[in-house]
Amino acid sequence: MSAFSAIIGQTVKASFRAGGGALTGLLFFLTVVTVFPFGVGPDLNLLARIGPAVLWIGVLLSLLLGLDRLFGQDREDGALELIMVSGEPLALFVFARAAGYWLAHGLPIVVVAPILGLILNLDALSLAAVTATLLVGSPALAMIGAVGGALTAGLARGGMLAAILVLPLSIPVLIFGVAAVNGAIADPDPFLAPFLILCAFTMFSAVLAPIAGAAALRLGLD
Amino acid sequence: MGTISSLANPTRFLSWSARILPFVSVLAAVTLGIGLYLSLVASPPDYQQGDSVRIMYVHVPASWLAMFCYLVMAGAALGTLVWRHPLADVSARAAAPIGAAFTFLALFTGSVWGKPMWGTWWVWDARLTSVLVLFIMYLGLLALWRAFDDPTRAAKVAAVLILVGFVNIPIIKFSVDWWNTLHQSASVIRLDGPSIAPSMLWPLVVMAVAYTLIFVALHLAAMRAEIYRRRARTTEILIAARRPSTAVRPAAAH
Amino acid sequence: MTHLPFILAAYGASALVLIGLIVWVVADTRIQKRRLNELEKAGPRRRRSTTQGL
């Protein structure tokens, strides 16, 4: 267990170090959300309507940015072989990496999202709903992302490819995340059902994604 | 191990597939001919859709094969990961471009059918959207394969992605269905009627069989090409390894 | 026939894609086979692969 938390801690520390990518991801999120109104126009009613979706897509995209660093280093410096030789379950290692990735890349974005929601003209209820759905939904994105990172570990331009592979798999999370926010705002639509399904996705991916990621890392090695 | 494993030996595969490939191809051509006659000449126009219903006879088989092909790849991926059979990843690799082509056809013919029926080339209908996602997944798989230079390593990693996709496809389908009922627009005409008349069912069944036979023939032929490609690659590496003076290729060993 | 352009487009595209696939597969088989033959003629014989492996 101490090795587990050590890997999480190391992942977080490495992400915040110079060139680590966590702050770049945060800045990217800020930029994407800022660019949207220039595309669709400054109409505040429209922005309030699409705001939750904009924030969600921003999170989805910025979580893709650091995927190539997730396992690339471990593969190059031989850390991956060491872990496999040590007999520790590789899936647990993948889980720890993904958890650390979420803490460093996901959590700061979730904290900043409501502030950016204000400039998109979201009201208090929407802000709360967006933050809540991002909090429970973004770990699923990090887990799915870890699979993409594991599949492309050691490839020259793996980051782009990982993004392409991960995006279609993230569609369900996006659908239910945005649907839950809309459910909280618009009256006839349900909030609890999509919100609970979103929680289910997070738990489901937290179990299956490390297994798939570990298989990809092990098979990609030889 | 029984006959299955001896049939699946690559060298044996090359010899038996060479023998049955002509039969499958001829059978596919004949069935396709009958199917085309039934769907273009012998079947009546629909009382609502008119003759545009004939697009169904190429659209539905294409979408059926788009899914069937992924099923074949998932089975092959299991063969690669569980039994580590070399022919399994040849099968998955050969099926992917064919599956992508059929998925493209399903999208294209669906779109062309949608224009006269719905008045628009594309609706974000649950089924069309799911097929579009499937198409993107096929292309992603092909991109992953191309990214590796070692085909065996590529095959193993791709097998993981195929199975991840296989688990995800029902989830994506469910999500898209849910998303679609939430944003239901009233103008969309549902394509699946309560029941299909026998005069239309027959051409559809024959065309579906014809498409499946075409797929089998293409898949066998593509697997043969893939085996030759890998053998040529191995030989190339062996030659490079034997002659150190010409061994300039860095990717020779893996 | 009603909707003739649409039917033609659907059947035409299907024919084009299927013929394209057939041409590609046949050409690919020929190219790889010829490449293998040339390599085997030029280089040392590959080890026999009647068992596992390609």
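These figures come from a predicted structure and were not determined experimentally. (Residues numbered from 1 in each chain as written. Chains lettered and ligands numbered in written order. Predicted model: local features only at pLDDT ≥ 70, side-chain atom pairs only at ≥ 80, totals over all residues. Heavy atoms only, no water.)

(A) Summary view of the overall build of chain A. If you tally the helices and strands in chain A, you get 9 helices and 0 strands. Element order for chain A, N to C, with α for helix and β for strand: α-α-α-α-α-α-α-α-α. Relative to the globule expectation of 17 Å for 222 residues, the C-alpha radius of gyration of chain A, 18 Å, shows essentially globular dimensions. Its C-alpha atoms put chain A at 55 × 35 × 30 Å along the principal axes. Within chain A, counting contacts between residues at least 6 apart in sequence, those at least 24 apart form 79% of the total. For chain A, the exposed area adds up to about 9,500 Å²; of that, 72% sits on carbon and sulfur atoms. (Helix = DSSP H or I, 4+ residues; strand = E, 2+ residues; numbered from the N terminus. Rg over C-alpha atoms; globule rule 2.2 N^0.38 Å. Contact = heavy atoms within 4.5 Å. Areas by Shrake-Rupley, 256 points an atom, 1.4 Å probe, with all protein chains shown as cover.)

(B) Molecular detail of empty space enclosed by the protein. The final tally for this structure, using the stated rule, is 2 cavities of 30 Å³ or more. Put simply, the largest cavity is a space of about 80 Å³. What lines the largest cavity is simply A:Ile164, A:Leu165, A:Pro168, A:Leu169, B:Tyr70, B:Ile136, B:Met137, B:Gly140, B:Leu141 and B:Leu161. Mapped onto the lining of the largest cavity, the elements with two or more residues apiece are α8 (158-185) of chain A together with α5 (126-147) of chain B. (1 Å grid on protein atoms, 1.4 Å probe; cavity = no way out; pocket = protein on both sides within 12 Å on 5 of 7 lines; lining within 4 Å. Points joined across faces, edges and corners; volume = space filled by probe spheres on them.)

(C) Seen up close, a nonpolar patch on the surface. A contiguous nonpolar patch, built from A:Phe204, A:Val207, A:Leu208, A:Ile211 and B:Val167 and spanning about 410 Å² of accessible area, is present on the exposed surface. Per-element accounting of the nonpolar patch gives the leading share, 4 residues, to helix α9 (residues 192-221) of chain A. Within the element layout of this structure, A:Val207 appears in helix α9. Residue class for A:Val207 comes out exposed when judged on its relative accessible area of 54%. (Patch = residues over 30% accessible without salt bridge, like charges linked within 9 Å, V, L, I, M, F, W, Y side chains within 5 Å. Salt bridge = Lys/Arg side-chain N within 4 Å of Asp/Glu carboxyl O. Buried < 20%, exposed > 50% of the residue type's maximum accessible area, 1.4 Å probe, protein only.)

(D) The nonpolar core, seen in detail. Membership of the largest hydrophobic core comes to 158 residues, with the highest contact counts inside it found for A:Phe71, B:Met73, B:Leu144, B:Trp145 and B:Ile162. Beyond its immediate sequence surroundings of up to four residues, B:Met73 is in contact with B:Ala92, B:Ala95, B:Ala96, B:Tyr138, B:Leu141, B:Trp145 and B:Ile162. (Core = buried A, V, L, I, M, F, W, Y, C linked by side-chain atoms within 4.5 Å.)

(E) Highlighting the interface of chain A and chain B. Counting residues at the interface gives 28 residues for chain A and 28 residues for chain B. Of all residues in chain A, the largest losses of buried area upon contact with chain B belong to A:Leu151, A:Leu169 and A:Leu219, amounting jointly to 24% of the total for that side. Linking chain A with chain B are 0 salt bridges. Among the elements of the structure, α7 (124-151), α8 and α9 of chain A are those that each provide at least two residues to the side of chain A that touches chain B. Residue composition of the side of chain A that touches chain B, by class: 23 nonpolar, 2 polar and 3 charged. (Buried area = accessible area lost by both parts, 1.4 Å probe. Nonpolar A, V, L, I, M, F, W, Y, C, P; charged D, E, K, R; others polar.)

(F) Representation of the interface of chain C and chain B. Taken together, the contacts link 35 residues of chain C with 49 residues of chain B. On the surface where chain C and chain B come into contact, there are 2 salt bridges. For the pair chain C and chain B, the interface holds 2 residue pairs in polar contact (both at pLDDT 80 or more). Residues belonging to the side of chain C that touches chain B are distributed by class as follows: 18 nonpolar, 11 polar and 6 charged. (Polar contact = N/O pair within 3.5 Å; in protein donor to acceptor, adjacent residues only side chain to side chain.)

(G) Region of the structure containing the packing of aromatic side chains. One pass over the structure, following the stated rule, counts 15 aromatic pairs over all chains. When the centroid spacing of 4.7 Å and the interplanar angle of 35 degrees are considered together, the rings of A:Phe176 and B:Trp178 count as tilted. You can see A:Phe176 sitting in helix α8 and its partner B:Trp178 sitting in helix α6 (residues 151-182), one on each of two chains. Across the pair, exposure class does not vary: A:Phe176 and B:Trp178 are buried alike. Through pairs of rings, three or more aromatic residues link up here, namely A:Phe176, A:Phe201, B:Phe174 and B:Trp178. (Phe/Tyr/Trp six-rings, centres within 6.5 Å; stacked < 30°, edge-to-face > 60°.)

(H) Highlighting the environment of A:Ala96. All names here are of chain A. As for its position among the elements, Ala 96 is in helix α6 (residues 90-119). Its relative accessible area of 0% is what places Ala 96 among the buried residues. Separated by 90 residues in sequence, Ala 96 and Ala 6 have C-alpha atoms that sit 8.8 Å apart.

(I) Summary view of the pattern of salt bridges. Taken as a whole and assessed by the stated rule, the structure comprises 7 salt bridges over all chains. Among the salt bridges present, the one from A:Arg97 reaches A:Asp74, with a minimum N-O distance of 2.8 Å. Separated by 23 residues along the polypeptide, A:Arg97 in helix α6 and A:Asp74 in helix α4 (residues 67-76) bring together distant segments of the chain. As far as burial versus exposure is concerned, A:Arg97 and A:Asp74 are alike and both buried. In this structure, a network of salt bridges that share partners links the residues B:Asp89, B:Glu226, B:Arg229, B:Arg230 and C:Asp28.

(J) Focus on helix α1 (residues 2-16) of chain A. Residues and elements named next belong to chain A. Here α1 spans 21 Å end to end across 15 residues, near enough to the 21 Å set by a 1.5 Å rise per residue. Restricting attention to buried positions, one finds in α1 the residues Phe 4, Ile 7, Ile 8, Thr 11 and Ser 15. Along the axis of α1, the buried residues cluster in a sector spanning 100 degrees; they form a single face. Facing away from the buried side of α1, by more than 90 degrees, are the exposed residues Ser 2 and Lys 13. Contacts from the buried residues of α1 go to α2 (22-40) and α6. (Expected span 1.5 Å × (residues − 1). Arc of directions from axis to C-beta.)

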